[in-house]
Amino acid sequence: MIPVSVVIITKNEAEVIAKSINAARLITDDIIVIDNDSDDDTEGIALSNGCRVYQKAWGGYGANKNKGVELARHDWILSIDADEIPDVELVLAMYDLKLEDENVVYDLKFRSYFGKKRIRFGNWGRDHHIRLFNRRQVRWSEPLVHETLVLPKHIKTEILTGHINHYSVKDNLECVNKAVYYAKLSASKYYQSGKKANLVNMYLSPLFSFFKNYILLLGFLDGREGWDIAKTIYKNRWLKYHYLNQLEGADKKKEYVKHDLAVEY
């Protein structure tokens, strides 16, 4: 085993988590699952496969990941999702690491799947993320969505061989539902930070995102799935600012009502 703890956050992942855990067990015997009140058998599957499972109310992706990092037995952390499975090449590459320099983080390449089809082009075909790091130097940011690792300036990044197989969505319906869900979270995040919706980010940005993914990054070569992904990226980008615009409108309406009442009284 490697002196690395694997952290997985979950919410109703019974369909997929067993494969992820089985791959993680090739790396370590310390697998921490932070579960957000799943109402399926996620917790039972994780416990029966030797994981340590903790329940945590939803505080955002970063907050729940940080909870797992805090509970880990090792300082080196591999952070994966329940639908992400390290391949054998990546596992072997991790065994070759000395893990002596806590100022290094490791960028992992992803292979993304739409249903059973591997996506080779577009944004999904170029996916990679820093997922292996030392908690003494690095932690997750804690926004509602799109958490990132907070990296001090002295941190060095290295790329490992191998891949994480990411079984992103089962079908187009799940793809669209995820786009809507993340758009709502992003809108709330933007609203809280004071970001404003405008014509550029509501209309030009979604169009450019579609063009970049489908044409410039050759997403059309992935066939129907490439088209569905490009449409979903467009939808997500437009919906983020559509929902943000709604939040801003509701806020302005409240201010107008308060002002109107003040005048009447």
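Right above here is the structure, for reference.
Participant: Before we go on, may I ask you to explain the overall build of the protein chain in this structure?
Facilitator: For the protein chain, the helix and strand inventory stands at 7 helices and 11 strands. Taking the principal axes of the C-alpha coordinates as reference, the protein chain spans close to 70 × 50 × 45 Å. With 265 residues in all, the protein chain has 46% of them scored as buried. Partitioning the intrachain contacts of the protein chain with sequence separation of at least 6 by distance along the chain shows that 75% fall at a separation of at least 24. By element, 54% of the accessible surface of the protein chain is carried by carbon and sulfur atoms, the whole surface being about 14300 Å². Taking the average place of the 38 positive charges on the side chains of the protein chain and the average place of its 36 negative ones, the gap between the two points comes to 5 Å.

Participant: Sorry, what's going on with the nonpolar core here?
Facilitator: For soluble globular proteins, nonpolar side chains are generally found buried alongside one another. Judged by nonpolar contacts, the single largest core of 30 residues is most densely connected at Leu78, Met94, Tyr106 and Leu132. Of all the secondary-structure elements, those providing two or more residues to this core are strand S1 (4–10), helix H1 (17–24), strand S2 (31–35), helix H2 (42–48), strand S4 (76–81), helix H4 (88–95), strand S6 (104–114) and strand S11 (156–169). No other element matches the 4 residues that S6 contributes to this core. In contact with Met94, not counting residues within four places along its chain, are Ile2, Val4, Ile27, Leu78, Leu132 and Leu160.

Participant: It is not clear to me how the pairing of S2 should be interpreted in this structure. Could you clarify?
Facilitator: It is a general feature of regular strands that their side chains alternate between the two faces of the sheet. Burial of S2 is extensive: 5 of the 5 residues sit out of reach of the surface. With burial as the criterion, each face of S2 is covered, one bearing Ile31, Val33 and Asp35 and the other bearing Ile32 and Ile34. Relative to S2, S1 runs parallel, the two sharing 5 bridges. Counterpart to Ile9 in the pairing with S2 is Ile34. In this view, the connection linking S1 to its parallel neighbour S2 by way of H1 has right-handed handedness. When S2 meets strand S3 (residues 52–55), the two strands line up parallel, connected through 4 bridges.

Participant: How should helix H6 (residues 199–216) be read in this particular structure?
Facilitator: Residues lying three or four places apart along an α-helix face the same way, a consequence of the helix completing one turn every 3.6 residues. Maximal helix bending in H6 amounts to about 35 degrees, located at Ser205; proline Pro206 follows within four positions. Asn201, Met202, Ser205, Pro206, Ser209, Asn213 and Tyr214 are the residues of H6 that are buried.

Participant: It is not clear to me how the packing of aromatic side chains should be interpreted in this structure. Could you clarify?
Facilitator: Any pair of aromatic rings gets described here by the distance separating the centres and the angle formed by the planes. Taken as a whole and judged by the stated rule, the model has 12 aromatic pairs. Each ring, one from Tyr190 and one from Tyr241, has its centre 5.5 Å from the other, and the planes form 20 degrees; the classification is stacked. Within this pair, whereas Tyr190 is found in helix H5 (residues 172–193), its partner Tyr241 is found in helix H7 (residues 223–264), the two being separated by 51 residues in sequence. Given the relative accessible area of 6%, Tyr241 is considered buried. Ring geometry for Tyr214 against Trp227: centres 5.4 Å apart, planes inclined by 70 degrees, an arrangement best described as edge-to-face.

Participant: What exactly am I supposed to notice about the pattern of salt bridges here?
Facilitator: Any two side chains of opposite charge can pair if their charged atoms end up close together. On inspection of all chains with the given rule, the structure shows 12 salt bridges. For Lys156, the salt bridge identified is with Asp101, shortest N-O distance 2.9 Å. Here the residue Lys156 occupies a position in strand S11, and Asp101 occupies one in the loop between H4 and S6, the gap between them amounting to 55 residues. Owing to a relative accessible area of 43%, Lys156 belongs among the partly exposed residues under this scheme.

Participant: Can you walk me through the pairing of S11 in this structure?
Facilitator: The pairing of strand S5 (residues 84–86) with S11 spans 3 bridges and is antiparallel. Bridging across to S11, Pro86 finds its partner in Ile164. Note: S6 against S11, 10 bridges, orientation parallel. In the strand pairing of S11, Ser112 is matched with His166.

Here is what the cut-offs are and how they apply
Each chain carries its own residue numbering, running from 1 in the direction its sequence is written. Whole-chain, interface and lining totals are the exception, using all residues; otherwise, since this is a predicted model, local features are given only for residues with pLDDT of at least 70 and side-chain atom pairs are given and counted only at 80 or more. Calculated side-chain values reflect all of the structure's heavy atoms, with hydrogen atoms and water omitted. Segments assigned H or I by DSSP are reported as helices when at least four residues long, segments assigned E as strands when at least two residues long, and all are numbered from the N terminus. Buried, partly exposed and exposed residues are distinguished by accessible area as a fraction of the type maximum, computed with a 1.4 Å probe on protein chains only: under 20%, between the cut-offs, and over 50%, respectively. Contacts are assigned to residue pairs with any non-hydrogen atoms lying within 4.5 Å of each other. We get accessible surface area from the Shrake-Rupley algorithm with a probe of 1.4 Å; when it comes to residues, only the shown protein chains can shield them. Counting rule applied: Lys, Arg positive; Asp, Glu negative; His and chain ends not counted. A single reference atom marks each charge: NZ on Lys, CZ on Arg, CG on Asp, CD on Glu. Here, nonpolar core refers to any group of buried Ala, Val, Leu, Ile, Met, Phe, Trp, Tyr and Cys residues whose side-chain atoms link them within 4.5 Å. At least two DSSP bridges between two strands are needed for those strands to be called paired. When the strands point away from the viewer and the path from the first strand over the helix to the second turns clockwise, the crossover is right-handed. The bend at a residue is defined as the angle formed between two axes, one fitted to the seven residues ending at that residue and one fitted to the seven starting there. When the centres of two rings from Phe, Tyr and Trp lie within 6.5 Å, Trp using its six-membered ring, the rings pair. Their planes under 30 degrees apart give stacked, over 60 give edge-to-face, and anything left gives tilted. Within this document, salt bridges are pairs made up of a side-chain nitrogen of Lys or Arg and a carboxyl oxygen of Asp or Glu, the two lying within 4 Å of each other.

Purely geometric numbers; function is a separate question.
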